[in-house]
Structures are given as C-alpha cells and as structure tokens.
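Residue-level structural notes
Residues per chain are reported as follows:
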Amino acid sequence: MLSALAVLSLSFLSVGCATVDRAQADRDIRQLVSAQTQAWNAHDAAAWTHDFTDDADFVNIVGTVFQGREEIETRHAAIFASIFKASHAEVTVRKLTFLAPDIAVVDTVHEVTGHTGLPPGVQNTQEGLLRTQMKYVMKHTDTGWRIVTGQNTDVKPPPPPRP
C-alpha cells in the first residue's frame with residue numbers, strides 16, 4: 001500500500017513538472033527584472049517593490065535587513081529621494097536557476113551611474129559606476145513570479161597596482 005502511494009505521488013509530481021513551461025517562466029522572470037529596472041530608473045519605489053511578497057526580506061548593500069514589502073518600499077523611497085534620485089541602472093541576468101518548477105534563484109549584475117553619493121562603507125567599483133550582484137529567490141504564485149528574498153552586494157574596486 002505504501003509503495004503504491006509513493007508511485008502515485010511520483011506520478012502526480014512528474015505530471016506537474018512536465019506541464020511547467022520553463023521557457024515561459026524564464027521569459028516571465030526576465031520581464032520582472034526588466035520592469036524592476038525601469039522602476040529604478042523612474043525612481044519609483046512602489047513599482048520597484050511591486051513584485052516582492054508582502055512578507056519578503058531584503059538585505060541591502062550595507063547588510064541591513066528589511067522585513068516585508070512595505071519596509072523595503074519605504075527604504076527605497078528614501079534613497080530614490082536622496083543619493084539615487086538621479087541614478088540610472090542597467091541590469092543583466094547573469095544566471096537563472098530553477099530549484100523546482102515554482103522556485104527560482106536569479107543572479108543579476110546591476111550597474112548604477114548618476115548617483116550623488118553612496119552609503120557609508122560603499123564605494124564605486126570604478127569611477128562613477130557602482131556595480132552590485134543582486135540575488136533573488138523567487139516563487140511562482142497564482143499572480144505570477146514574486147520575490148521572496150533578496151540580497152544585494154557591492155562589487156569592490158580592484159586593488160591599486162603594486163609599485
């Protein structure tokens with residue numbers, strides 16, 4: 001009886017996996033990243049955080065943890081009103097990995113220019129350019145792909161040449 005249930009469970013699992021369109025999921029996630037980039041460039045915190053789940057968490061570039069979409073939005077509204085209000089971001093998906101049909105890890109490279117300052121301890125990767133590595137864990141829900149958690153890490157400048 002137990003082995004029959006196991007076979008039945010595996011049958012349902014493989015049917016569910018077979019119906020997932022990975023190519024469409026890939027396109028949907030890339031579109032989400034593109035929309036978020038457009039929101040950054042419009043300095044629109046509500047649009048930038050639109051695809052976070054209500055209970056998402058986000059670790060920013062200096063290691064501060066924000067809990068929930070509302071706090072993530074509030075913090076981004078503050079930086080869009082100050083040091084990043086004239087900034088422009090270019091975002092590239094470096095790697096997209098599906099851990100399950102409805103769970104994806106998305107690694108992106110952000111290149112931000114036009115900022116008027118940076119948080120304490122953060123420095124430009126090169127003159128006028130802040131490059132960061134952003135990693136998201138996303139989950140597919142009834143309303144589409146949503147960001148469950150994210151972490152942003154600045155790319156340090158190369159060390160100066162040795163004399």
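Preceding block: the structure.
Nothing here was measured: the structure is a model prediction, and the numbers come from that model.

Some thoughts on the sheet that holds strand S3 (residues 88-100)
An order of S2-S1-S6-S5-S4-S3 is seen for the six strands of this open sheet, with the pairing classed as mixed. The open sheet is flanked by strand S2 (65-67) and S3, the only strands paired with a single partner. Taken over all neighbouring pairs, the strand axes of this sheet differ in orientation by 20° on average, direction set aside. Relative to strand S6 (residues 144-154), strand S5 (residues 130-141) runs antiparallel, the two being bridged by 10 bridges. Each bridged residue has a counterpart across the sheet, and for Gln 133 the counterpart in S6 is Thr 153. The strands touched by helix H2 (residues 22-41) within the sheet are strand S1 (52-59), S3, strand S4 (103-113), S5 and S6, with S3 carrying the most contacts at an inclination of about 150°.

Some thoughts on the pattern of salt bridges
On inspection of all chains with the given rule, the structure shows nine salt bridges. The partner of Asp 51 in a salt bridge is Arg 146, with the nearest N and O atoms 2.8 Å apart. Taken together, the residues Asp 51 in the loop between helix H3 (45-48) and S1 and Arg 146 in strand S6 connect sequence positions 95 residues apart. Each member of the pair Asp 51 and Arg 146 is classed as buried. Of the charged contacts, one joins Asp 154 and Lys 156 as a salt bridge, the two residues approaching to 2.8 Å between their closest N and O atoms. Given the relative accessible area of 10%, Asp 154 is considered buried. In this structure, a network of salt bridges that share partners links the residues Asp 54, Arg 69 and Glu 73.

Rules of the game
- Residues numbered from 1 in each chain as written.
- Predicted model: local features only at pLDDT ≥ 70, side-chain atom pairs only at ≥ 80, totals over all residues.
- Heavy atoms only, no water.
- Pairing = 2+ DSSP bridges.
- Helix = DSSP H or I, 4+ residues; strand = E, 2+ residues; numbered from the N terminus.
- Axes fitted to C-alpha atoms, helices over the stretch in contact; angles between N-to-C directions.
- Contact = heavy atoms within 4.5 Å.
- Salt bridge = Lys/Arg side-chain N within 4 Å of Asp/Glu carboxyl O.
- Buried < 20%, exposed > 50% of the residue type's maximum accessible area, 1.4 Å probe, protein only.

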